[in-house]
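So the chains spell out like this:
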Amino acid sequence: MDLRKISCQIEEKLLEIFSEDLTSGLAAREDSRAFGAMVEEKIADNWKQICADLGLSSLKRPGKRSIFDFALQSNDKITGLDVKTKDLDSARYSDGGIYSVRNILKFLSQDNGMLLIAELGHNKLSNQSDKRNIT
């Protein structure tokens, strides 16, 4: 399966699982990292089903030292999905998460490794201080 096609299909599935949250907002967390962890957990709860719906094999979640958060296998290729969340409020700092070039090159130099990055921006809903909008 083509990486572009996989990417578009995963994007559609992520929009589906966050569809209700896109209109009503997600509960704010104490900081950007905690919010990102909540978003990642929601994806984790749906990852096997996302892959099954796309006819792909989900792989076990990698450990903390991996550069990606989720993985799938298609045609003997491993595709890692790294989920990044970025606070878009102008008065707050969020780097969106970074990792070393060495680790990226190490992963991509494998014969069967590909990497997708899903970046989800979020900001405060204008009418509710305890809700965040995902963009």
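Residue positions are given per chain, counting from 1 as you read along its sequence in written order. In keeping with the model being predicted, local features are shown solely for residues with a pLDDT of at least 70 and side-chain atom pairs are shown and tallied solely at 80 or more, while totals for entire chains, interfaces and linings include all residues. As a rule here, side-chain values cover all heavy atoms of the structure and leave hydrogens and water aside.

It is worth spelling out the overall build of the chain at this point. The numbering of helices and of strands both runs from the N terminus, where a helix is a DSSP run of H or I of at least 4 residues and a strand a run of E of at least 2. Summing up its helical and strand segments, the chain has four helices and six strands in all. Written out in order from the N terminus, the α and β elements of the chain read α-α-β-α-β-β-β-α-β-β. Within the chain, buried positions represent 38% of all 135 residues. Expressed as a percentage of contacts within the chain between residues at least 6 apart in sequence, the contacts between residues at least 24 apart total 58%. Working definition of accessibility: Shrake-Rupley area with a 1.4 Å probe, residue cover restricted to the visible protein chains. Per element, the accessible surface of the chain, about 8,400 Å² overall, is 47% carbon and sulfur. For the exposure calls, accessible area comes from a 1.4 Å probe over protein chains only, and a residue counts as buried if that area is under 20% of its type's maximum, exposed if over 50%, partly exposed in between. Only heavy atoms matter for contacts: two residues are in contact if any of them lie within 4.5 Å across the pair.

Any Lys or Arg side-chain nitrogen located within 4 Å of an Asp or Glu carboxyl oxygen qualifies as a salt bridge. Considering all chains together, one arrives at four salt bridges under this definition. The salt bridge partner of Glu 16 is Lys 13, with a shortest N-O separation of 3.6 Å. With Glu 16 and Lys 13 both in helix H1 (residues 3-17), this residue pair falls three residues apart, about one helical turn. Exposure remark for Glu 16: the relative accessible area of 48% places this residue in the partly exposed category. Residue classification places Lys 13 among the buried residues on the basis of a relative accessible area of 16%. Salt-bridge contacts for Glu 40 lead to Arg 61; the nearest nitrogen and oxygen are separated by 2.5 Å. Within this pair, whereas Glu 40 is found in helix H3 (residues 32-53), its partner Arg 61 is found in the loop between strand E2 (57-58) and strand E3 (70-74), the two being separated by 21 residues in sequence. Ionic contacts of the salt-bridge type, sharing partners, join the residues Lys 13, Glu 16 and Asp 53 into one network.

This brings us to H1. Each α-helix turn comprises 3.6 residues. Residues three or four places apart therefore point the same way. The end-to-end C-alpha separation of H1 is 21 Å, in line with the 21 Å expected for 15 residues at 1.5 Å each. Among the residues of H1, Ile 6, Ile 10, Lys 13, Leu 14 and Ile 17 are the ones counted as buried. One side of H1 carries all its buried residues, which in axial view fall inside an arc of 100°. In H1, the exposed positions angled more than 90 degrees off the buried face are occupied by Arg 4 and Glu 12. Pairs of N or O atoms within 3.5 Å make up the polar contacts considered here, provided that, within protein, one atom can donate a hydrogen while the other can accept it, and that residues adjacent in sequence are counted only when both atoms are side-chain atoms. One side-chain oxygen at the N-terminal end of H1 lies 3.1 Å from the backbone nitrogen of Arg 4; it belongs to Asp 2. Expected helix span is computed as 1.5 Å times (number of residues minus one). Directions are taken from the helix axis to each C-beta atom, and the arc is the one they span.

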